[in-house]
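The primary structure of each chain is shown beneath.
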Amino acid sequence: DKTTNVTSIGYYYFDKTQGTNGRWMKIANPTTIPIVIGVLSNTVPSIPVDNGNYNTGAYIDLPAGKWMVNATLVLRLTGPNLANGAALSIRAGFSKSASSFINSDVPGVNYLSGSLVGPSKYGFMNGFVVINNASGSTQRYYLWKRPSESFGSATGAELLSYFGGGWGENQIVATPVN
């Protein structure tokens, strides 16, 4: 039952297949939880914010199963800071295709979101996307910059520097979920 208190310290997950209402199950050895780490791109050019779908070159290889993918990415403009009152809303998502954005294997929303607000040059993008790899084998999912928006005096022609690249704060990490 979801409301039962856990009586011993440790890592737990909720298993809906246990009993009528499910049950909290203790993970015997939490160091065995498979974590998958994505690969950032070292060749990403600076791209305009209003550029449509764009493959960043970053990716994650996921074994078969359902995965919660967390991505944190630095948003940095080349050139001057945004002006006061200017803002950029930037989106990204994952695709199985390296050549076009295909929204597949994602049972919910396939968006990571971030923003840059003037007077700044930096921002962060962060989000979780659930990917269900039902292929039966490991599948590569590419990180794509998606159509984004500009507000105030921002034009959308501003360039994102090294989006999806090797900034120290950037990461793509996946953990399995039921």
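Everything numeric in this text was worked out from a predicted model, so none of it was measured.

Here is what the cut-offs are and how they apply
Residues numbered from 1 in each chain as written. Predicted model: local features only at pLDDT ≥ 70, side-chain atom pairs only at ≥ 80, totals over all residues. Heavy atoms only, no water. Helix = DSSP H or I, 4+ residues; strand = E, 2+ residues; numbered from the N terminus. Buried < 20%, exposed > 50% of the residue type's maximum accessible area, 1.4 Å probe, protein only. Areas by Shrake-Rupley, 256 points an atom, 1.4 Å probe, with all protein chains shown as cover. Core = buried A, V, L, I, M, F, W, Y, C linked by side-chain atoms within 4.5 Å. Salt bridge = Lys/Arg side-chain N within 4 Å of Asp/Glu carboxyl O. Pairing = 2+ DSSP bridges. Phe/Tyr/Trp six-rings, centres within 6.5 Å; stacked < 30°, edge-to-face > 60°. Lys NZ or Arg CZ within 6 Å of the ring centre and 35° of its normal.

**Student:** I would appreciate a short explanation of the overall build of the protein chain in the present structure.
**Tutor:** Check the secondary structure of the protein chain and you find zero helices and 12 strands. Counting from the amino terminus, helix and strand elements in the protein chain follow one another as β-β-β-β-β-β-β-β-β-β-β-β. Seen along its three principal axes, the alpha-carbon backbone of the protein chain occupies a region of about 55 × 35 × 25 Å. Within the protein chain, buried positions represent 39% of all 178 residues. When the accessible surface of the protein chain is summed, it comes to about 9400 Å², and 53% of that surface belongs to carbon and sulfur atoms.

**Student:** Sorry, what's going on with the nonpolar core here?
**Tutor:** Soluble globular proteins tend to bury their nonpolar side chains together. Residues Leu62 and Phe94 are the most contacted members of the largest nonpolar core, which totals 31 residues. Looking at this core, the elements that each hand over two or more residues are β5 (54–62), β6 (65–76), β7 (87–95), β8 (112–117), β9 (122–133), β10 (139–151) and β12 (171–176).

**Student:** Hey, could you run me through the pattern of salt bridges in this one?
**Tutor:** Where charged atoms from two side chains of opposite charge approach closely, those side chains can pair. For the structure on display, the rule yields two salt bridges. Across the pair Asp61 and Arg140 runs a salt bridge whose closest N-O atoms are separated by 2.7 Å. Of this pair, Asp61 sits in strand β5 while Arg140 sits in strand β10, and the two are 79 residues apart along the sequence. The partly exposed category is assigned to Asp61, whose relative accessible area is 28%. Under the relative-accessibility criterion, Arg140 is labelled partly exposed at 31%. Where Lys96 meets Asp105, a salt bridge forms, and the shortest distance between an N and an O atom there is 3.5 Å. Judged by its relative accessible area of 22%, Asp105 falls in the partly exposed class.

**Student:** What is the right way to read the pairing of β9 from this model?
**Tutor:** Successive residues of a regular strand alternate their side chains across the two faces of the sheet. By the alternation rule, side chains of β9 split into Gly123, Met125, Gly127, Val129, Ile131 and Asn133, which are all buried, and Tyr122, Phe124, Asn126, Phe128, Val130 and Asn132, of which none is buried. Here 12 bridges tie β6 to β9, and the two strands are oriented antiparallel to one another. Each bridged residue has a counterpart across the sheet, and for Ala71 the counterpart in β9 is Gly127. Here β8 pairs with β9 via three bridges, running antiparallel.

**Student:** It is not clear to me how the sheet that holds β9 should be interpreted in this structure. Could you clarify?
**Tutor:** Strand pairing in a sheet relies on backbone hydrogen bonds, with the paired strands running either antiparallel or parallel. With antiparallel pairing, eight strands are arranged side by side in an open sheet as β3-β12-β6-β9-β8-β7-β10-β5. Of all the strands in the sheet, the pair left with one neighbour each is β3 (36–37) and β5.

**Student:** Quick question: what am I supposed to make of the pairing of β10 here?
**Tutor:** Of the strand pairs in this sheet, β5 and β10 are connected by six bridges, and their pairing is antiparallel. If you follow Tyr59 over to β10, its bridge partner there is Tyr142. Judged from the eight bridges that link them, β7 and β10 form a sheet pairing that is antiparallel. When the sheet's bridge partners are listed, Ser95 is paired in β10 with Tyr142.

**Student:** Help me understand the packing of aromatic side chains, please; the structure alone is not making it clear to me.
**Tutor:** Remark: the centre distance and the inter-plane angle together describe each pair of aromatic rings, the angle taken between the planes. Tallied over the entire structure, the rule returns two aromatic pairs. The ring of Tyr111 has Arg91 lying over it, and the distance from NZ or CZ to the ring centre is 4.5 Å. The cationic tip of Arg140 hangs over the ring face of Tyr59; the distance from NZ or CZ to the ring centre is 3.7 Å.

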